[in-house]
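Coordinate analysis (summary)
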Amino acid sequence: MSAITQTHPPGPARGPVHRTERALAPDLARGSMLLFIALANAAVFTFGNQPGAEASPHGWERPFNLAMFVFVHARAYPMFAIMFGYGLVQLTRRQDAQGAGPGAARSVLLRRNAWLIAFGLVHAALLNFGDFLGAYGIVGILFTLLLLRRGERVQRVALWLWAATAVYTAVLAGVAGYHAATGAPGSAPVPTGDVDSLSAPDYATSVADRLGEWPVHTLSVLPFIVIVWLGAWAARRGVLEDPAGHRRLLIRTAVIGLGIAFAGGVPIGLVSAGFVHVDGPTADAFLTLYEVSGQFGGPGYVALFGLLALRLSKARSGPRSKLLVRMVTALGQRSLSGYLCQSLAWVLLLSPFALALGERTGSPTLAACLSAVLVWLATLTGAHLLQRRGLPGPAEKLLRRLTYGPRPSGSGPVAR
């Protein structure tokens, strides 16, 4: 039976994880994929809709649109859902190993996830309607109460659900192919959903709009509990702590997961890039395939970074490569602060009532892309400076204090 199901005498909860206890792969993945999150969210803020792309791309914007739909949009955030589930198990195991007892460990998780809901509400109201923190908090509470300590037979249900999803994706691919083969020629654009808060004339109006948009968005993404569940399944086996021992699993997962995610994004990406012209029903079918297949990017990207971490652990890299890895992992350890910092940047740089860089430049796509890269580099540098001083990110520090109290025992510079 997994260590997570063992019982211990009641005891106090242990504080957050120390930096030296962290595996490389999770932080490397979080820090790197925050660039993809930046690209996706900057595009949404710039164009004022979801998924966020130039409707009439020209020149380099056309392959850029294709790349965004294949590699980024709806493919980056599932990786963070996988890592969230992974972290739930890691935190629980750590509490159990210290003899905190199931009740104390459950209290820590429930308290932490309840505060994530509060963080999400504030984040959505002030900065970003597309907040995921609230959904993480709700899913974290449900998972803690219903699934976290269930036996292996229940945990394997996650694998069956993913197998069923793969079959469903294949059916959607067939439907999309049928529409493409039988549909009439057309010039339908990528179906988008306008977001009122992103076109608000002033900040106060945007806040009011976001308060109405956040609950709907949060409810719409709650089904990613299946993705979180898969992350918990992987954590029970210590996949990322021992990538060498799970190399075959990581390779298969990367190839299959990313293969499905990338292939599923190609049709709508070609439409967005203007390389393929289809009618409305075909565009809708392509969009559905893109959305469902995107969740396979979660395990695929996680597996890819697990393999990268394994390679880095064996390779002899130069000083510059080591510095880059340290910077990226430093951001990964402060991913919550990096994520919130990004949202603040989009409001200041891209909102119509602020700098509105997308409207003031000749290419909104270029403005979104450069903003994303520069903001990510800024958070990368900031995280590295905090790492050198042994300091956590401000959001991590606050969440740690709210979860564990002012002076948790065994605390380190970074909370998980």
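Relevant structure appears above.
Residues numbered from 1 in each chain as written. Predicted model: local features only at pLDDT ≥ 70, side-chain atom pairs only at ≥ 80, totals over all residues. Heavy atoms only, no water.

**Details of the pattern of salt bridges**
Under the counting rule described, the total for this entry stands at four salt bridges. The closest approach of N and O atoms between R30 and D27, which form a salt bridge, is 3.3 Å. One end of the pair is R30 and the other is D27, both in helix α1 (residues 24–47) and three residues apart, which spans about a single turn. R30 sits in the buried class, given a relative accessible area of 10%. (Salt bridge = Lys/Arg side-chain N within 4 Å of Asp/Glu carboxyl O. Helix = DSSP H or I, 4+ residues; strand = E, 2+ residues; numbered from the N terminus. Buried < 20%, exposed > 50% of the residue type's maximum accessible area, 1.4 Å probe, protein only.)

**Details of the layout of surface pockets**
Approximately 510 Å³ is the volume attributed to the second largest pocket. What lines the second largest pocket is a set of 23 residues, and nearest its centre among them are L230, W233, L249, T253 and P299. Of all the elements in the fold, those that place two or more residues in the lining of the second largest pocket are α3 (77–97), α7 (157–182), α9 (225–236), α10 (247–273) and α12 (297–314). Residue contributions to the lining of the second largest pocket peak at seven residues, all from α10. Tallied by class, residues from the lining of the second largest pocket come to 19 nonpolar, three polar and one charged. (1 Å grid on protein atoms, 1.4 Å probe; cavity = no way out; pocket = protein on both sides within 12 Å on 5 of 7 lines; lining within 4 Å. Points joined across faces, edges and corners; volume = space filled by probe spheres on them. Nonpolar A, V, L, I, M, F, W, Y, C, P; charged D, E, K, R; others polar.)

**Description of the nonpolar core**
Among the nonpolar cores identified, the biggest contains 87 residues, and M79, Y136, F224 and W346 are the most heavily contacted of them. The greatest single-element share of this core, amounting to 14 residues, is contributed by α1. Apart from residues lying up to four places away in sequence, W346 is in contact with A38, N41, A42, F45, S351, S371, A372 and V375. By size, the runner-up hydrophobic cluster in this structure holds 15 residues, among which are A176, V190, I268 and L287. (Core = buried A, V, L, I, M, F, W, Y, C linked by side-chain atoms within 4.5 Å. Contact = heavy atoms within 4.5 Å.)

**Some points on empty space enclosed by the protein**
With the rule as written, the count across this model stands at three cavities of 30 Å³ or more. If you go around the largest cavity, you meet 13 residues; those closest to its centre are A43, F47, G52, F64 and T365. Elements with a minimum of two residues in the lining of the largest cavity: α1, α2 (61–72) and α16 (364–388). For the lining of the largest cavity, a count of residues per class yields eight nonpolar, four polar and one charged. Lining the second largest cavity we find F45, S197, L198, S206, R210, V347, S351 and F353.

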